[in-house]
Amino acid sequence: MLHQLLKKLIKTSAGRSRFVMAMIGLTVALVLILAAVQLQANYNELLNGKTNQDSVANFLLVNKAVTNKTIGATTLSETEIADLRKQPFIDDVGVLTPSHFKVSAESASGNMPFYTDLFFESVPDGFLDINDPAWKWDDRSQYIPIVIPNMFLDMYNFGFSASQGLPQLTPEAIKSLPVKIVIKSGITPVTYYAKVVGFSDRVSSVLVPQAFMDWANKNFGTQQDAKPSRVVIRTKDPGNPALVSYLSQHGLTTDTDKTRFSKYRQIVNVVVNASWVAGAVMFIFALLIFTLFIQLTIASCRPEIVLLTTLGTSPRQLYRFLLKQFFPVNIIVVFITLIIIAALQYFVQHFLAERNIYVQPFISVYTIAAGIAVLLVLWIVNSVTIKKYIANKLT
Amino acid sequence: MQVSLSQVIPIPLKDKIVQRNSDVWNKELSFNSTEWIKIKAPSGTGKTTLVHILYKLREDYSGAVLYDQEQLSVISAEKLAQLRQANISIIFQDLRLFPNLTARENIELKRVLHKPVYEEKVIDEMAERLQVSHILKQRAGLCSYGEQQRIAIIRALIQPFEWLVMDEPFSHLDQANIAKASALIAEECSKRNAGFLLTDLDADEHFNYSKQLNL
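Residues numbered from 1 in each chain as written. Chains lettered and ligands numbered in written order. Predicted model: local features only at pLDDT ≥ 70, side-chain atom pairs only at ≥ 80, totals over all residues. Heavy atoms only, no water.

Trainee: Provide a residue-level description of the overall build of chain B, including the pertinent values.
Mentor: Within chain B one finds 7 helices and 9 strands. On C-alpha atoms alone, chain B measures out to a radius of gyration of 17 Å, which is about the 17 Å that the 2.2 N^0.38 rule sets for 215 residues. Expressed along its principal axes, the backbone C-alpha trace of chain B runs to roughly 50 × 35 × 30 Å. Counting over 215 residues, chain B shows a buried share of 58%. Taking the intrachain contacts of chain B between residues at least 6 apart in sequence as the baseline, contacts between residues at least 24 apart amount to 75%. Put simply, chain B shows about 9100 Å² of open surface, and 48% of that area lies on carbon and sulfur atoms. (Helix = DSSP H or I, 4+ residues; strand = E, 2+ residues; numbered from the N terminus. Rg over C-alpha atoms; globule rule 2.2 N^0.38 Å. Buried < 20%, exposed > 50% of the residue type's maximum accessible area, 1.4 Å probe, protein only. Contact = heavy atoms within 4.5 Å. Areas by Shrake-Rupley, 256 points an atom, 1.4 Å probe, with all protein chains shown as cover.)

Trainee: A description of the environment of Ile146(A) should follow, citing residues and the corresponding values.
Mentor: Residue and element names in this part refer to chain A. Following the sequence through the fold, Ile146 ends up in strand 6 (residues 144-149). The exposure class of Ile146 is buried, given its relative accessible area of 7%. Residue contacts for Ile146: discarding those within four places in its chain leaves Phe120, Trp135, Ile181, Ala194, Lys195, Val196, Val197, Gly198, Val206, Leu207 and Val208.

Trainee: Explain the sheet that holds strand 9 (residues 211-214) of chain B to me, using residue names and the numbers behind them.
Mentor: Backbone-to-backbone hydrogen bonds pair the strands of a sheet. The strands run either parallel or antiparallel. Residues and elements named next belong to chain B. In spatial order, the strands read 6-7-8-3-9; together these 5 strands make up an open sheet with parallel pairing. Strands at the two margins of the open sheet, each flanked by one partner only, are strand 6 (88-91) and strand 9. Across the sheet, the axes of successive neighbouring strands diverge by a mean angle of 15 degrees, strand direction being ignored. Here strand 3 (residues 36-40) runs beside strand 9; their pairing, made up of 4 bridges, is parallel. Along strand 9, the bridge assignment pairs Lys40 with Asn214. (Pairing = 2+ DSSP bridges. Axes fitted to C-alpha atoms, helices over the stretch in contact; angles between N-to-C directions.)

Trainee: Could you give me a rundown of the pairing of strand 4 (residues 61-67) of chain B, with the residues and numbers involved?
Mentor: Residue and element names in this part refer to chain B. Summarising burial for strand 4: 5 of the 7 residues are buried, a large majority. Sheet analysis places strand 1 (residues 3-10) next to strand 4, joined by 6 bridges and oriented antiparallel. By the bridge assignment for strand 4, Leu5 is matched with Val65. For strand 4 and strand 5 (residues 70-71), the ladder comprises 2 bridges, and the chain directions are antiparallel. Counted as the bridge partner of Tyr67 is Glu70 from strand 5. Connecting strand 4 to the next strand, strand 5, in antiparallel fashion are 2 residues, including Asp68 with a positive phi near 50 degrees.

Trainee: Give me helix 5 (residues 121-129) of chain B: which residues, what numbers.
Mentor: Residue and element names in this part refer to chain B. For helix 5, the complete set of buried residues consists of Val122, Ile123, Met126 and Ala127. Looking down the long axis of helix 5, one finds its buried residues gathered within 135 degrees of arc, a one-sided arrangement. A positive phi of about 60 degrees marks Gln131, the residue just after helix 5. (Arc of directions from axis to C-beta.)

Trainee: An account of the packing of helix 10 (residues 315-326) of chain A against helix 11 (residues 328-353) of chain A is requested, with residue identities and associated values reported.
Mentor: For any two helices packed against each other, one specifies the crossing angle of their axes together with the interaxial distance. All names here are of chain A. Look at helix 10 against helix 11: their axes get within 4 Å of each other, and the N-to-C directions meet at 30 degrees. Considered as vectors, helix 10 and helix 11 are oriented roughly parallel to each other. Contacts between helix 10 and helix 11 involve Leu323, Lys324, Gln325 and Phe326 on the former and, on the latter, Pro328, Val329 and Asn330. Split into classes, the residues belonging to the contact of helix 10 with helix 11 amount to 4 nonpolar, 2 polar and 1 charged. (Parallel < 35°, antiparallel > 145°, perpendicular 65-115°, else oblique. Nonpolar A, V, L, I, M, F, W, Y, C, P; charged D, E, K, R; others polar.)

Trainee: Lay out the interface of chain A and chain B in plain terms, naming residues and giving numbers.
Mentor: In this assembly, 17 residues from chain A lie in contact with 19 residues from chain B. Summing the contributions of chain A and of chain B, the shared interface buries around 1700 Å²; its carbon and sulfur component is 70%. The largest contributions to the chain A side of the interface with chain B come from Leu5(A), Thr310(A) and Leu311(A), which together make up 35% of the buried area. Across the pair Glu105(B) and Lys8(A) runs a salt bridge, and its minimum N-O distance is 2.3 Å. Linking chain A with chain B are 9 residue pairs in polar contact (both at pLDDT 80 or more), by the criterion used here. When contributions to the side of chain A that touches chain B are tallied by element, the ones reaching two or more residues are helix 1 (2-9), helix 9 (302-310) and helix 10 of chain A. Here the side of chain A that touches chain B is built from residues that sort into 8 nonpolar, 6 polar and 3 charged. (Buried area = accessible area lost by both parts, 1.4 Å probe. Salt bridge = Lys/Arg side-chain N within 4 Å of Asp/Glu carboxyl O. Polar contact = N/O pair within 3.5 Å; in protein donor to acceptor, adjacent residues only side chain to side chain.)

Trainee: Which residues make up the pattern of salt bridges, and what are the values?
Mentor: Residue and element names in this part refer to chain B. Within the structure shown, the criterion is met by 18 salt bridges over all chains. Among the ionic pairs, Asp94 bridges to Arg96, the shortest N-O distance being 3.2 Å. With relative accessibility at 48%, the residue Asp94 sits in the partly exposed group. The network of salt bridges with shared partners includes Arg104, Glu120 and Asp124.

Trainee: Tell me about the side chain of Thr49(B), residues and numbers included.
Mentor: Following the sequence through the fold, Thr49(B) ends up in helix 2 (residues 47-54). Sequence-distant contacts of Thr49(B), defined by excluding residues within four places in its chain, comprise Pro10(B), Leu13(B) and Arg58(B).

Trainee: Kindly report on the sheet that holds strand 4 (residues 115-118) of chain A, identifying the contributing residues and their values.
Mentor: All names here are of chain A. Within the open sheet, the 5 strands sit side by side as 4-3-7-8-6. Their pairing is mixed. Each edge of the sheet is formed by a strand with only one pairing partner; in this case those strands are strand 4 and strand 6. Averaged over all neighbouring strand pairs, the angle between strand axes comes to 35 degrees, with direction disregarded. Here helix 4 (residues 150-164) sits on the sheet and contacts strand 6 and strand 8 (190-200); the angle it forms with strand 6, its principal contact strand, is near 70 degrees. Where helix 6 (residues 210-220) meets the sheet, its contacts fall on strand 6, strand 7 (178-184) and strand 8, and the angle it forms with strand 8 comes to roughly 150 degrees.

Trainee: Before we move on, can you summarise the side chain of Asn382(A) with the specific residues and values?
Mentor: Among the structural elements, Asn382(A) can be located in helix 12 (residues 365-394). Filtering out sequence-adjacent residues up to four positions away, Asn382(A) remains in contact with Phe290(A), Ile294(A), Leu323(A), Phe326(A), Phe327(A) and Asn330(A).

So, to be careful, I would describe these as geometric facts and stop short of saying anything about function.
Right under this line is the structure:
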């Protein structure tokens, strides 16, 4: 009842259009700020998530550059690997184990005859983007699972098959193709069957499970305890200048193409930062307009407020009334903003899923937390402004 | 609540006051809330000034005003509002209604400012007695001074109080209306066991005053 009467006396309609503009500005500002938070959350999810087929996480194959000086001496010592592990910009190091025996592969069926000499490498499973349950081996396994680079398939489909008059192959077709593996060790070659279980973008090599590699090297290897010459490192930022300079200082090279991920990252960073800055600037202006609006309202109702106080309206009653006039619209704005972000996120999730990039369809808790934090800031600004101007009018 | 004045002199009136004798200015005075006090003074001697000093609307005076033992000049805004809502009510000489609110809304505002002690229908009863029922729905700005004055009286009586301060409360009323209004005021003060302080130009017999002072 008191508030209804106060509403008649303290008109908040003065400069209503400016208020609406401030609110629209605030909404845009919050969309930018919260979008930046959400974008960062999505990016972190992609960077650290394990569910992504084509993860943006940065895995780099590192080896010594082969030059005239280093020919035949490109193995990495344990101290060199340990030093790599110590670097702050390297999250993890996985040693690539090469096969120390001769291997050849040939078709196990007459439909697709082929023969090739090849080699195997293995890498700890954590460094591989393969989730296939068939990716495991023990000495009772029927066949050896193999992972080949996606690039091989492309080379075959778009280069080799055309030039040789062979049909193109789908990944599924390759996976169903049985392969005969012959390991030449000692006098009698040993035959195994193998199957391609996956394709990797991360490690450009023919990979077998670590367990098979350890077993095969032990049984067929021509040299024991050979030192590795390639490692795969996981890093958050392959574009990190410290990493690049470390590698060149130690005569190491890496797959420079992988640094395209760092370009994505730079783009994401630019977008996030631009969104942040634009959002923050707009937010500050919206706050400014907002405080001016509160000031204007209180100033335009000065005689009423003075008489109300004379009659015994307490500053707290005025404060509560004014806060109730100004603050709820902020809650609505933050709510609308979160809905907009949620809708965008849903759209982005669909868009990226079509491109084999998986992010959450829902907005992150960080975004909601940021929304609440913004609301808190708005409340404080409202509260402080109202208190300040009420006190001003009364003295 | 005891209201005390200690050597109070309004600064703008200082020169005039020291030249003449006053029962109030520059004296030690104490009023108990059971007293009905009449302050009589000719124009321009500071009646409204006294009322405003007592109600803390102006502070350009020397000396001290105390509510119970508390010095009025240092009371917080919040505490002052509480006092005005529940302990001290006022009828201004210049009425001070909100012109854009109806007469009823002007009274209602004062009723709901504090936890109401009277129901809404009391407004109608009082309006009936002062013969202003017909203007309750009218904007206060459109009412005559006589009507506004009666609305201001009802507004002052609708709240709880221990002290009622009245600054020439009947200046716009005829004798018949003064009689009705003073009867209502006396009734409400007795009901609350409250005291009042009334300022006026001349001597009168509207109330059974317990103290009469010349300003």
